[in-house]
Protein chains: 2
Amino acid sequence: MSAINIPEKTIERLSEYRRTLRSCSEQGITHIFSHVIAGMHGITAVQVRRDLMLIGFSSDTKKGYDVRVLIEFIDGILDSRDVQHIAIIGMGHLGQAITKYFNSKRHNLSIVASFDVDPEKAGQTIDDIPCYDMDEFERRVEELDINIVVLSSPTDVASELVVPIINAGIKGVLNFTSKPLNFPRGIVVENYDITTLLEKVAYFVKENEE
Amino acid sequence: MSAINIPEKTIERLSEYRRTLRSCSEQGITHIFSHVIAGMHGITAVQVRRDLMLIGFSSDTKKGYDVRVLIEFIDGILDSRDVQHIAIIGMGHLGQAITKYFNSKRHNLSIVASFDVDPEKAGQTIDDIPCYDMDEFERRVEELDINIVVLSSPTDVASELVVPIINAGIKGVLNFTSKPLNFPRGIVVENYDITTLLEKVAYFVKENEE
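Note that the structure is a prediction, hence the values are computed from the model and not measured. (Residues numbered from 1 in each chain as written. Chains lettered and ligands numbered in written order. Predicted model: local features only at pLDDT ≥ 70, side-chain atom pairs only at ≥ 80, totals over all residues. Heavy atoms only, no water.)

Participant: Mind showing me how you'd approach the environment of T44 of chain B here?
Facilitator: Residues and elements named next belong to chain B. Tracing the backbone through its elements, the reader meets T44 in the loop between α2 (34-41) and α3 (45-54). Accessibility expressed as a relative area gives 48% for T44, which makes it partly exposed. A distance of 3.0 Å separates the side chain of T44 from the backbone nitrogen of Q47, its partner in a polar contact. (Helix = DSSP H or I, 4+ residues; strand = E, 2+ residues; numbered from the N terminus. Buried < 20%, exposed > 50% of the residue type's maximum accessible area, 1.4 Å probe, protein only. Polar contact = N/O pair within 3.5 Å; in protein donor to acceptor, adjacent residues only side chain to side chain.)

Below you can see the structure in the form of structure tokens.
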């Protein structure tokens, strides 16, 4: 474990700051103030400064933060030394949306394989990513040194994937099915159900109206 | 605003509890203990009881919570009296994944329309949902009484959608593009970038390994 213990929410925001900073950098912006970053993310400048203080970044000058320096600093926090390999399980619309979208970017996270039970897909290359039959899961995970999987399979098969994922030695799971999954300690799991997100938005819309 | 102020995280968990409870109910389970719900969601029973206490539900018996009663109680918290109408902006893979997935369920949230600039899609019916050209956005939103939109468009056009969304009187936005968007007070926005979720999982995997 790292010396500092960074809260999940801060990790999420750092990832978001970095994305914004990269596009600023592409637009030739060299320096940026915390309140500008805050504005772009709809949060307070205090929050931004607190997050950056938490990771030990404190080079705010009269000109604001040096964008490139800050990006590299966040890289040092978020990125692991070597590229982490990701596999998508379930190459339906969601799986394809994720690969298309994600591999269009530079990353030290790389989607290197996908898996599907559909014989129409298994054996094909979809969006430049080889799609394998689920039967090959364990073998391919080892061969391709995959340690993270994204579950975009139908919800009703999600539970059946838990054991293969454990057996294959996967260390992180991003689960988009609507079945929350539990894994043994040592395997990071994030359950994200789109229905939950929509119901959450709908709830706060309702609250605003009442 | 409602009398009690329920934290976002609790709202998310209530939505997840309800989904679990519904499937329990379908399987003929009539009563359930907080620690069972907790187990299914990988959280503590204390957390579950705290959430339910927060919404004023406290009918834990020797047999556990009455599943149907609890579902209806959560309905009363999360659901608005009348069905809320949702539109998807951007019917690429992600947009289609969301409609397919979401409308396969019963909801008092209903996806009633989608919008796309692609002439191949506009005018068509995709997954039983009419797809309109973005030019018709304002008119259709009013006609179909839509108050929530899901943004699954390419990131580079996301900013251009802010003004039309405001003008159309939309009250809630679930933004899946990687451009965080700000809206005037009174419009609920949730920015969910899949990259952030993946980077978060990758970070905690890395931390576990170190």
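Participant: Mind showing me how you'd approach the sheet that holds strand β6 (residues 129-133) of chain A here?
Facilitator: Pairing between sheet strands relies on hydrogen bonds along the backbone, with the strands arranged either parallel or antiparallel. Pairing is mixed across the open sheet formed by 7 strands, whose spatial order is β5-β6-β4-β3-β7-β8-β9 (chain A). Each edge of the sheet is formed by a strand with only one pairing partner; in this case those strands are β5 (125-126) and β9 (188-191) of chain A. Along the sheet, helix α8 (residues 194-209) of chain B makes contact with β3 (84-89), β4 (109-116), β7 (146-151), β8 (172-175) and β9 of chain A, crossing β7 of chain A at roughly 145°. (Pairing = 2+ DSSP bridges. Contact = heavy atoms within 4.5 Å. Axes fitted to C-alpha atoms, helices over the stretch in contact; angles between N-to-C directions.)

Participant: I'm lost on the pattern of salt bridges in this one. Help?
Facilitator: Any two side chains of opposite charge can pair, so long as their charged atoms come close to each other. Scanning the model with the defined rule gives 32 salt bridges over all chains in all. The partner of E8 of chain A in a salt bridge is K200 of chain B, and the shortest N-O contact between them spans 2.7 Å. Of this pair, E8 of chain A sits in helix α1 (residues 8-26) while K200 of chain B sits in helix α8, on two different chains. Judged by relative accessible area, which is 40%, E8 of chain A ranks as partly exposed. For K200 of chain B, a relative accessible area of 2% gives the class buried. (Salt bridge = Lys/Arg side-chain N within 4 Å of Asp/Glu carboxyl O.)

Participant: What should I look at first to understand the domain arrangement of chain A in this one?
Facilitator: Interface extent is often summarised as the accessible area lost during association of the parts. Domains assigned within chain A are domain 1 (3-78) and domain 2 (84-196). Taking the mean C-alpha position of each, domain 1 of chain A and domain 2 of chain A sit 30 Å from one another. (Domains from an automatic or database assignment.)

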